[in-house]
Amino acid sequence: MRLTVIGTGYVGAVHATCMAEIGHEVLGVDTDAERVAQLASGRPPFFEPALGAMLRRTVDAGRLRFTTSLPEAAGFADTHFLCVGTPQRPDSGAADLRHVEAAVQEMTPYLTGGRSLLVGKSTVPVGTADRLAARLRGGADLAWNPEFLREGCAVQDTLRPERIVVGVRTPHAEARLREIYAPLTAAGAPFIVTDTATAELVKLASNSFLATKISFINAMAEICDATGADVLTLAEAMGADSRVGGRFLSPGLGFGGSCLPKDIRAFSARAEELGLGESVAFLRQVDEINSRQRRRTVELAERLAGGSFTDRSVAVLGAAFKPHSDDIRDSPALAVAEEVRRRGAQVRVHDPEAIDNARAAHPRLQFVLDVVKACEQADVVLHLTEWPQYGELDPAALAAVVHTPAIVDARHTLDPEAWRAAGWTLCAPGRPRLG
């Protein structure tokens, strides 16, 4: 089939490439001419494992092209996936829908005839699809098909999804989407059909539940610090209960990125608009607990530095909000690094992929390409993003270059016995006995 993808940011670029990979002809559309040119040359504008090779392959095969022209897109296909961003509004926690509304307004004149289908993938407040559908004309249809991508696993999540959810208004839209996703459903992907409101809610409800689970175990880490209990053993024992499960029950520095923080705030804001703020009031506590983990990590590191960061050298391992990504949006690692700097430390940051993005956003921090050099003469090392290469570091070799062998493992992925055997003092939130 022929498809267009409107908006070639993270979600759009991945979706366009994967749809071309399964055999469709795809035209990506964006107002950013530089981004369009970069994608057209087969180079993704961000780091995502496996995406680069797939992008080059589908572009070279002629199944994937990019343009800045909406008229060209309208003439190319009858099915248009809407993948523009919905960031948090600067004046509130609500979602900023300007880009979605602008894209629909600009695309509407070209959606003629009863075969045109606009498919939203952007994360939006419930009720948005109904409001946008009222603006369409000429028999054009609208559906909602939320994305469930994890950065670092986005290609896998698109090609082997745990579920495909489509909110439709007509049998025609359902049939079209079943045809588009046939290669994935044939491989076993569940295909869930519902109304647009439910489809919008699935993404927000799922992210809110995941955020709640993460904040819950971090709240337990606070209790463990106060009582001498071990949060990792606690999480293991809880996760062994099939009703609880171990996924997303990992204590640490908390969540960040472009989805969970803004989605729980947007969900709360929409519930307030509906007069149902009390129903999701717990999400404010989820957000507060998550933010508190950053402060607690700074305080733990400060104690390890002797009670003050003044004139101390601190090495930070990690800048991206999660491993296998160069995304620094709402990065807990960078939030901690900035606070440590504000408290008087000289901070050197290392990350395998996110240094360019981090340097542009945080010019007052120092960034080092070599992890060992980042740690030279450090009084404290902070392990803040769980890149696998940090777990492979030789603690004895690193002890030889630091000023003081002291490390905070805020992600609980280092082997405490190996580090302590090499002479390190290792502390971790929720594990007071390690300190």
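The sections below set out a description of the structure shown in this document. What you see is a predicted model; the values in this text were computed from it and never measured.

Looking at the overall build of the chain
Next, step 1: Across its full length, the chain holds 19 helices and 14 strands.
Next, step 2: The C-alpha radius of gyration computed for the chain amounts to 23 Å, which stays within 12% of the reference 22 Å derived for 435 residues, consistent with globular compactness.
Next, step 3: Projected onto the principal axes, the alpha-carbon positions of the chain cover approximately 70 × 50 × 40 Å.
Next, step 4: Counting all 435 residues of the chain, 54% fall into the buried class.
Next, step 5: In the chain, the share of contacts with a sequence separation of at least 24, taken over all contacts with a separation of at least 6, comes to 72%.
Next, step 6: Accessible area of the chain: about 18,300 Å², with a carbon and sulfur share of 51%.
Next, step 7: Computing the positive centroid from 47 side-chain charges and the negative centroid from 54, the chain places the two 2 Å apart.

Comments concerning the pairing of strand β13 (residues 406–409)
Next, step 1: With burial as the criterion, each face of β13 is covered, one bearing A406 and V408 and the other bearing I407 and D409.
Next, step 2: Both strand β12 (residues 380–383) and β13 contribute to a ladder of 3 bridges, which runs parallel. Bridge pairing in β13 places H383 opposite D409.
Next, step 3: Bridge count for β13 against strand β14 (residues 425–427) is 3 bridges, and the pairing is parallel. Looking at the pairing, V408 lines up with C427 of β14.
Next, step 4: The parallel pair β13 and β14, bridged by helix α19 (residues 416–421), forms a crossover whose chirality is right-handed.

Digging into the sheet that holds β13
Next, step 1: Strand order in the open sheet formed by 6 strands is β11-β10-β9-β12-β13-β14, with parallel pairing between adjacent strands. Each edge of the open sheet carries a strand with a single partner, namely β11 (366–367) and β14.
Next, step 2: Relative to the sheet, helix α14 (residues 332–342) contacts β9 (313–317), β10 (346–350), β11 and β12, its axis offset from that of β10 by approximately 160°.

Topic: the packing of helix α10 (residues 196–227) against helix α13 (residues 282–304)
Next, step 1: In contact at an axis separation of 9 Å, α10 and α13 are set at 50° when each is read in the N-to-C sense. What the angle tells us is that α10 and α13 run oblique. In this structure, α10 crosses over α13, and the sense of that crossing is left-handed. Residues S208, A211, T212, S215, N218, A219, A221, E222 and D225 of α10 form the contact with α13, whose participating residues are F282, L283, V286, I289, N290, R292, Q293 and R296.
Next, step 2: A class-by-class count of the residues in the contact of α10 with α13 yields 7 nonpolar, 6 polar and 4 charged.

Overview of the side chain of H362
Next, step 1: Position of H362 among the secondary structure elements: in the loop between α15 (355–361) and β11.
Next, step 2: Classification of H362 as buried rests on a relative accessible area of 18%.
Next, step 3: The residues touching H362, leaving out its near neighbours within four places in the chain, are L334, E338 and F367.

Let's talk about the nonpolar core
Next, step 1: In terms of nonpolar packing, the biggest core is built from 48 residues, with V340, V381 and L382 touching the most fellow members.
Next, step 2: In terms of residue count, the dominant contributor to this core is α14 (5 residues).
Next, step 3: Beyond its immediate chain neighbours, meaning those up to four positions away, V340 contacts V298, F309, V314, A345, V347 and L382.
Next, step 4: Formed by 39 residues, the second largest nonpolar core is a distinct cluster that contains V11, L149, V155 and V166.

Description of the pattern of salt bridges
Next, step 1: For the structure shown, the criterion picks out 29 salt bridges.
Next, step 2: Taking the shortest distance from any N to any O, the salt bridge between R296 and D225 comes out at 2.3 Å. Of this pair, R296 sits in helix α13 while D225 sits in helix α10; the two residues are 71 residues apart in sequence, bridging distant segments of the chain.
Next, step 3: Assessed through its relative accessible area of 17%, R296 is described here as buried.
Next, step 4: Residue D225 is classed as partly exposed on the basis of its relative accessible area of 31%.
Next, step 5: Salt bridges here are not isolated pairs; linked through shared partners, they connect E302, E339, R342 and R343.

Quick notes on the rules
Residues numbered from 1 in each chain as written. Predicted model: local features only at pLDDT ≥ 70, side-chain atom pairs only at ≥ 80, totals over all residues. Heavy atoms only, no water. Helix = DSSP H or I, 4+ residues; strand = E, 2+ residues; numbered from the N terminus. Rg over C-alpha atoms; globule rule 2.2 N^0.38 Å. Buried < 20%, exposed > 50% of the residue type's maximum accessible area, 1.4 Å probe, protein only. Contact = heavy atoms within 4.5 Å. Areas by Shrake-Rupley, 256 points an atom, 1.4 Å probe, with all protein chains shown as cover. Lys, Arg positive; Asp, Glu negative; His and termini not counted. Charge placed at Lys NZ, Arg CZ, Asp CG, Glu CD. Pairing = 2+ DSSP bridges. Right-handed = clockwise from strand over helix to strand, strands pointing away. Axes fitted to C-alpha atoms, helices over the stretch in contact; angles between N-to-C directions. Parallel < 35°, antiparallel > 145°, perpendicular 65-115°, else oblique. Left-handed = near helix turned anticlockwise from the far one by under 90°. Nonpolar A, V, L, I, M, F, W, Y, C, P; charged D, E, K, R; others polar. Core = buried A, V, L, I, M, F, W, Y, C linked by side-chain atoms within 4.5 Å. Salt bridge = Lys/Arg side-chain N within 4 Å of Asp/Glu carboxyl O.

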